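# Observations on chain architecture
Okay, here's what each chain looks like letter by letter:
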Amino acid sequence: MDRIDSLKAFVAVVSEGSFARAAERLDLSPQLVSKYVSQLEAHLNTRLLNRTTRQVSITEAGSACFQRAQQILADMDDLENQLGELQNTARGVLRISAPVSFAISHLAKPLTEFQAQWPDVRIDLQLNDRKVDIIEEGFDIALRIGRLQSSSLIARRIAPIRLVTCASPEYLKQYGTPQSRAELKDHRYLHYSYATEDTILVPGAGLSGQLNSAFQANNGNVLTQAAINGAGIVVQPTFIAGPAIREGKLQVILQGSEPEPIGLYAVYAHRQLLSGKVRSFLDFISDYYGDTPYWDNFS
């Protein structure tokens, strides 16, 4: 039994005073309206209406049911309107998980511009370089950098991420500039903890295991600063290392064998029935950085 349809039929009969007028109001047949009311009475195990061939009257139980049924249907209408607004317009709290270094340098401005366009959306941004469980932890969207593995989640590519190998001019002057990736094993290597050989580290089978990981950290900014200070050679995305390269504090090496680019992705749980806030943010951020992001401009 559809309880909502049964309540609608019952309320319409009471309001209109007859099954025929209720059927006309609901655009149903009188027989179906009568069936709905009978099903509701059977479900509640009580008579709600007294019926004769000439009139319909409400019982004491029916009167109590009528008041509650009106409120239930009004609440349902309010709920449908509220959910419809959330579905069709951008509003509410948008919870986003994003990598620390990227968010600090490159996310505040687009988020500010997005909110200027959609002022009814409140941003809850959580920075974390670990792979969050967006469903378990209640995120609408997770921004992730790397090569995504297959999963049940949906991913939209936002921007390419270029990777460069670099070191300070002072380090290269003291220890020499490697001419091939194989020579990296003879240098001090600054290792990003979350990276693996098949994502953003050094291409070449087995080479990463031979590297002298003199310095390891789970934050790219720290590693980049260590490289500026002459601690060793680092592989970092240009959105982190770019400013130091432009200022001459770091020098790009091995440009002929640059690691394969990776990507910035927006990951979310469902493709269908996206809320307005999620759909609007995805549309906004997808075109924001472009195919050649501004951080790749070293000149």
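Please refer to the structure placed before this passage.
Computed from a predicted structure; not experimentally measured. (Residues numbered from 1 in each chain as written. Predicted model: local features only at pLDDT ≥ 70, side-chain atom pairs only at ≥ 80, totals over all residues. Heavy atoms only, no water.)

### Section: the pattern of salt bridges
Heads up, the condition is: A pair is scored as a salt bridge if a Lys or Arg side-chain nitrogen falls within 4 Å of a carboxyl oxygen belonging to Asp or Glu. To qualify as a helix, a DSSP run of H or I must reach at least 4 residues; to qualify as a strand, a run of E must reach at least 2; elements of each kind are numbered from the N terminus. Per-residue accessibility, obtained with a 1.4 Å probe over protein chains only, is compared with the maximum for each type, and a residue is labelled buried under 20%, exposed over 50%, and partly exposed between these values.
According to the stated counting rule, one finds 9 salt bridges in the structure shown. Between Arg-51 and Glu-41 there is a salt bridge, with its nearest N and O atoms 3.0 Å apart. Remark: Glu-41 occurs in helix α3 (residues 30-44) and Arg-51 occurs in strand β1 (residues 49-51); sequence separation between them is 10 residues. Ionic pairing is found between Arg-162 and Glu-258, a salt bridge with its closest N-O pair at 3.0 Å. Remark: Glu-258 occurs in the loop between β11 (251-253) and β12 (262-268) and Arg-162 occurs in the loop between β6 (154-161) and β7 (163-167); sequence separation between them is 96 residues. On the basis of relative accessibility, which here comes to 26%, the residue Glu-258 falls in the partly exposed class.

### A short note on the nonpolar core
One recurring pattern in soluble globular proteins: nonpolar side chains tend to sit buried together. What counts here: To qualify as a nonpolar core, a set must consist of buried Ala, Val, Leu, Ile, Met, Phe, Trp, Tyr and Cys residues joined through side-chain atoms within 4.5 Å. Contact between two residues is taken to exist if any of their heavy atoms lie within 4.5 Å; hydrogens are not considered.
Counting residues in hydrophobic clusters, the biggest one holds 41 residues, and the most contacted among them are Leu-94, Leu-107, Ile-141, Leu-143, Leu-264, Phe-281 and Tyr-289. Broken down by element, the residue count for this core peaks at 5 residues, all from helix α11 (residues 276-286). Apart from the residues within four sequence positions on either side, Leu-94 is in contact with Phe-114, Val-121, Arg-122, Ile-123, Asp-124, Asp-140, Ile-141, Lys-277, Val-278 and Phe-281. Leu-7, Ala-9, Tyr-36 and Ala-69 belong to the second-largest nonpolar core, a separate cluster that totals 19 residues.

### A short note on the packing of helix α9 (residues 220-228) against helix α10 (residues 238-246)
Applicable threshold: Lines fitted to C-alpha atoms define the axes here, with helix axes fitted over just the stretch in contact, and angles between the N-to-C directions of these axes take values from 0 to 180 degrees. Orientation is classified from the angle alone, with under 35 degrees giving roughly parallel, over 145 giving roughly antiparallel, 65 to 115 giving roughly perpendicular, and any other angle giving oblique. Take the far helix as your reference; a near helix turned counterclockwise from it by less than a right angle gives a left-handed crossing, and one turned clockwise gives a right-handed crossing.
Here α9 crosses α10 at 25 degrees, and the two axes come no closer than 10 Å. Considering the angle they form, α9 stands roughly parallel to α10. Between α9 and α10 lies a crossing whose hand is right-handed. Contacts between α9 and α10 involve Gly-220, Asn-221, Thr-224 and Ile-228 on the former and, on the latter, Ile-240, Ala-241 and Ala-244.

### Things to note about the sheet that holds strand β10 (residues 233-237)
Quick note on the threshold: Here, any two strands with at least 2 DSSP bridges between them count as paired.
Here 5 strands make up an open sheet; going across it, the order is β9-β8-β10-β7-β11 and the pairing mixed. The open sheet has two edge strands with one neighbour each: β9 (212-217) and β11. Strand-to-strand twist across the sheet, computed as the mean angle between neighbouring axes with direction ignored, equals 40 degrees. For strand β8 (residues 188-192) and β10, the ladder comprises 2 bridges, and the chain directions are parallel. Pairing of Leu-190 across the sheet is with Val-234, part of β10. Strands in contact with α10 are β7, β10 and β11; relative to β10, the strand with the most contacts, it is inclined by about 120 degrees.

### So, unusual backbone geometry
The backbone of Asp-27 sits at a positive phi, close to 60 degrees, despite the residue not being glycine. Structurally, the position occupied by Asp-27 is in the loop between α2 (19-26) and α3.

### Observations regarding the packing of aromatic side chains
We apply this condition: Under the pairing criterion, centres of Phe, Tyr and Trp rings, with the six-membered ring standing for Trp, must be within 6.5 Å; the plane angle then separates stacked pairs below 30 degrees from edge-to-face pairs above 60, leaving the rest tilted. Charge-over-ring contacts are defined here by two conditions on Lys NZ or Arg CZ: a distance within 6 Å of the ring centre and an angle within 35 degrees of the ring normal.
Summed over all chains, the structure comprises 12 aromatic pairs. With a centroid separation of 5.6 Å and an interplanar angle of 35 degrees, the aromatic rings of Phe-284 and Tyr-288 are classed as tilted. Taking relative accessible area as the criterion, Tyr-288 reaches 24% and is therefore assigned partly exposed. It is Arg-95 that lies over the ring of Phe-139; its NZ or CZ is 4.4 Å from the centre.

### What about the environment of Ala-217?
Note that Ala-217 resides in strand β9. For the pair Ala-217 and His-191, spaced 26 residues apart in sequence, the C-alpha to C-alpha distance is 6.5 Å. Once residues within four sequence positions are removed from consideration, Ala-217 is found in contact with His-191, Tyr-192, Ser-193, Val-222 and Leu-223.

### Focus: the sheet that holds strand β3 (residues 92-98)
The 5 strands are arranged β4-β3-β5-β12-β6 in an open sheet whose pairing can be described as mixed. Each end of this open sheet is capped by a strand with a single partner; those strands are β4 (121-127) and β6. Across the sheet, the mean angle from the axis of one strand to that of its neighbour is 20 degrees, orientation sign disregarded. Judged from the 5 bridges that link them, strand β5 (residues 141-146) and β12 form a sheet pairing that is antiparallel. Directly across from Leu-143, in β12, lies its bridge partner Ala-266. Packing of helix α6 (residues 108-117) onto the sheet brings it into contact with β3 and β4, and relative to β4 it is tilted by some 165 degrees.

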